Amino acid sequence: SFGNAQRKSRDSRRREDMKAVQNGLEQYYADHGGVYPGGAAGLTTLSSIISAAGISYFPAGAPTDPKITQSYGIRSSANGFCACAFLETPGAGNATAMPTSISCTFGTGNYFCVSNLQ
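Residues numbered from 1 in each chain as written. Predicted model: local features only at pLDDT ≥ 70, side-chain atom pairs only at ≥ 80, totals over all residues. Heavy atoms only, no water.

**Some points on the pairing of strand 3 (residues 80-86)**
Here comes step 1: Buried residues dominate strand 3, accounting for 6 of its 7 residues.
Here comes step 2: Relative to strand 3, strand 2 (residues 73-77) runs antiparallel, the two being bridged by 5 bridges. Within strand 3, the position partnered with S77 by the bridge is G80.
Here comes step 3: Direction of pairing for strand 3 relative to strand 6 (residues 111-115): antiparallel, over a ladder of 5 bridges. Note that in strand 6 the partner of A83 across the bridge is V114. (Buried < 20%, exposed > 50% of the residue type's maximum accessible area, 1.4 Å probe, protein only. Helix = DSSP H or I, 4+ residues; strand = E, 2+ residues; numbered from the N terminus. Pairing = 2+ DSSP bridges.)

Next up, the structure:
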């Protein structure tokens, strides 16, 4: 049961990280005339998105997975974004896959994803 509690704690952190990414990118959108960082080509790593957005939107830098210390999955363009984290608890997520475009694939699955609100 201790291992289960640890998994749930890490999953909670992953959800919080995704919400922080969403909040930072929405603040960027509001401050930059209705566009997200990423441009037409679409950026594919969280660190590149944060570099494009600037440190003021992410003062702690790019969040990383609490267990495997890697960047979360993200796709972003000027029109929107989809950011996802893999959850250790099976079926506890709101999405079925990591992003392959700026549109998230929502549904019961092992990923927790957030997308643009605008």
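**Topic: the confidence of the model for the chain**
Close reading of the predicted structure is inappropriate where its pLDDT is low.
Here comes step 1: Confidence in the prediction of the chain, expressed as mean pLDDT, is 88, and 94% of residues score 70 or more.
Here comes step 2: Ranking the elements of the chain by mean pLDDT puts strand 1 (residues 43-45) last with 69 and strand 6 first with 96. (pLDDT = per-residue confidence, 0-100.)

**What about the pairing of strand 2?**
Here comes step 1: Taken across its 5 residues, strand 2 has 4 buried, putting it largely inside the fold.
Here comes step 2: What sits between strand 2 and strand 3 in their antiparallel hairpin is a turn of 2 residues.

**With respect to the packing of aromatic side chains**
Here comes step 1: For the coordinates displayed, the defined rule picks out 4 aromatic pairs.
Here comes step 2: Ring geometry for Y36 and F81: centres 5.3 Å apart, planes at 70°, overall edge-to-face. On the criterion of sequence distance, the pair formed by Y36 in the loop between helix 1 (2-31) and strand 1 and F81 in strand 3 is long-range, its members being 45 residues apart. Note on accessibility: Y36 and F81 belong to one class, buried.
Here comes step 3: On the numbers, 5.3 Å between centres and 70° between planes, the contact of F86 with Y111 is edge-to-face. Of this pair, F86 sits in strand 3 while Y111 is found in strand 6, placing the two residues 25 residues apart along the sequence.
Here comes step 4: Ring-pair connections join several aromatic residues into one group, and the members of that group are Y29, Y36 and F81. (Phe/Tyr/Trp six-rings, centres within 6.5 Å; stacked < 30°, edge-to-face > 60°.)

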